[in-house]
Amino acid sequence: GQQLNQSPQSMFIQEGEDVSMNCTSSSIFNTWLWYKQDPGEGPVLLIALYKAGELTSNGRLTAQFGITRKDSFLNISASIPSDVGIYFCAGQQGGSEKLVFGKGTKLTVNP
Amino acid sequence: DAGVIQSPRHEVTEMGQEVTLRCKPISGHDYLFWYRQTMMRGLELLIYFNNNVPIDDSGMPEDRFSAKMPNASFSTLKIQPSEPRDSAVYFCASKGGGLLQPQHFGDGTRLSIL
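The rules behind each value
Residues numbered from 1 in each chain as written. Chains lettered and ligands numbered in written order. Predicted model: local features only at pLDDT ≥ 70, side-chain atom pairs only at ≥ 80, totals over all residues. Heavy atoms only, no water. Helix = DSSP H or I, 4+ residues; strand = E, 2+ residues; numbered from the N terminus. Rg over C-alpha atoms; globule rule 2.2 N^0.38 Å. Buried < 20%, exposed > 50% of the residue type's maximum accessible area, 1.4 Å probe, protein only. Phe/Tyr/Trp six-rings, centres within 6.5 Å; stacked < 30°, edge-to-face > 60°. Pairing = 2+ DSSP bridges. Salt bridge = Lys/Arg side-chain N within 4 Å of Asp/Glu carboxyl O. pLDDT = per-residue confidence, 0-100. 1 Å grid on protein atoms, 1.4 Å probe; cavity = no way out; pocket = protein on both sides within 12 Å on 5 of 7 lines; lining within 4 Å. Points joined across faces, edges and corners; volume = space filled by probe spheres on them. Nonpolar A, V, L, I, M, F, W, Y, C, P; charged D, E, K, R; others polar. Contact = heavy atoms within 4.5 Å. Polar contact = N/O pair within 3.5 Å; in protein donor to acceptor, adjacent residues only side chain to side chain.

Engineer: Quick one: what's the story with the overall build of chain B, residue by residue and with numbers?
Structural biologist: Along its length, chain B carries zero helices and eleven strands. Its helices and strands taken in sequence order, chain B reads β-β-β-β-β-β-β-β-β-β-β from the N to the C terminus. Rg of the C-alpha trace for chain B: 13 Å, near the compact-globule value of 13 Å for 114 residues, within the 12% margin. C-alpha extents for chain B along the principal axes are approximately 40 × 30 × 25 Å. In chain B, which comprises 114 residues, the share counted as buried stands at 48%.

Below you can see the structure in the form of structure tokens.
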């Protein structure tokens, strides 16, 4: 089946540092989504990308949809302790309601 | 606004027992999705409904799993008989019509089969 390769698997950073994570696929997706999951909760949508090359920001978060439509990255600037959690990328192909998820990047922020 | 509501939040039962997980989607959403999350396999789509009709159940692992959506505000995922390998967190998500509408997730049911 389709797979999204998400990296890194985990990150340990100091408060105030910037973070970058990415997702790649061998398949083309029409939509890329980034979700965050806190312990004991469901994933919450952070950013949705709908066009190749699109760059979208949501506060300290910035995400880009790769030109080839096979990759996306998420940046977090000036990290804070509440950024701790697992970040997932998800891809959606044209005409389908199904999402394919990456395995997640676990972020730890040391105060 | 109320989000997706799942119950129970935790379930511990012995293998062989029937397990029923419940989901109430966000009012007005006409798509409902069931996912399973494990450390090994991550988040996997099991089945999804549109207007209460199952559209794609290709992710349902085997005949022991069944899902129903009797009306627009309620869905169940049933496992019978349950096995230890079914232990996972099961999420329900819903979305409005239109491909640009995102999926909204519930907080999941953590299922442990002993």
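Engineer: Give a description of the packing of aromatic side chains that names residues and reports values.
Structural biologist: Tallied over the entire structure, the rule returns twelve aromatic pairs over all chains. Measuring from ring centre to ring centre gives 5.2 Å for B:Y35 and B:F105, while their planes differ by 40 degrees; the resulting arrangement is tilted. Of this pair, B:Y35 sits in strand β4 (residues 31-38) while B:F105 sits in strand β10 (residues 104-105), placing them 70 residues apart in sequence. Of the two residues examined, B:Y35 and B:F105, each falls in the buried class. An aromatic cluster is built from A:Y35, A:F88, A:F101, B:Y31, B:F33, B:Y35, B:Y48, B:F91 and B:F105, whose rings are joined through pairwise contacts.

Engineer: Would you mind going over the pairing of strand β6 (residues 53-56) of chain B in detail, with residue names and values included?
Structural biologist: Where strand β5 (residues 42-50) of chain B meets β6(B), three bridges bridge the pair, whose relative direction is antiparallel. Across the sheet, the residue bridging to B:F49 is B:P54, located in β6(B).

Engineer: Account for the pattern of salt bridges, with residues named and values stated.
Structural biologist: Residues and elements named next belong to chain B. On inspection of all chains with the given rule, the structure shows twelve salt bridges over all chains. One salt bridge in this structure joins E18 and K78, with 3.9 Å as the shortest N-O distance. Taken as a pair, E18 in the loop between β2 (10-13) and β3 (19-24) and K78 in strand β8 (residues 74-79) lie far apart in primary sequence, 60 residues in all. E18 gets classed as partly exposed once you look at its relative accessible area, which sits at 44%.

Engineer: Outline the confidence of the model for chain A, supporting the account with residue identities and numerical values.
Structural biologist: Averaged over every residue, the pLDDT of chain A is 94; the share at 70 or more is 98%. Summarising per-element confidence for chain A, the mean pLDDT is lowest in strand β10 (residues 99-101) of chain A (93) and highest in strand β8 (residues 71-76) of chain A (97).

Engineer: Tell me about the layout of surface pockets, residues and numbers included.
Structural biologist: Taken as a whole, the largest pocket holds about 810 Å³ of empty space. If you trace the largest pocket, you find 30 residues lining it, with A:Q37, A:I86, A:F88, B:Q37 and B:M39 closest to the centre. Secondary-structure elements contributing two or more residues to the lining of the largest pocket are β9 (85-92) and β11 (105-110) of chain A together with β4, β9 (88-95) and β11 (109-113) of chain B. Along the lines of polarity and charge, the residues of the lining of the largest pocket split into nine nonpolar, 14 polar and seven charged.

Engineer: Requested: an account of the interface of chain B and chain A, with residues and values cited.
Structural biologist: Contact with chain B, which involves 22 residues of that partner, is made by 17 residues of chain A. Connecting chain B to chain A are two salt bridges. A salt bridge links A:K98 to B:D56; the nearest nitrogen and oxygen atoms lie 3.0 Å apart. Scanning the region where chain B abuts chain A turns up nine residue pairs in polar contact (both at pLDDT 80 or more). Every element with two or more residues in the side of chain B that touches chain A is listed here: β4, β5 and β9 of chain B.

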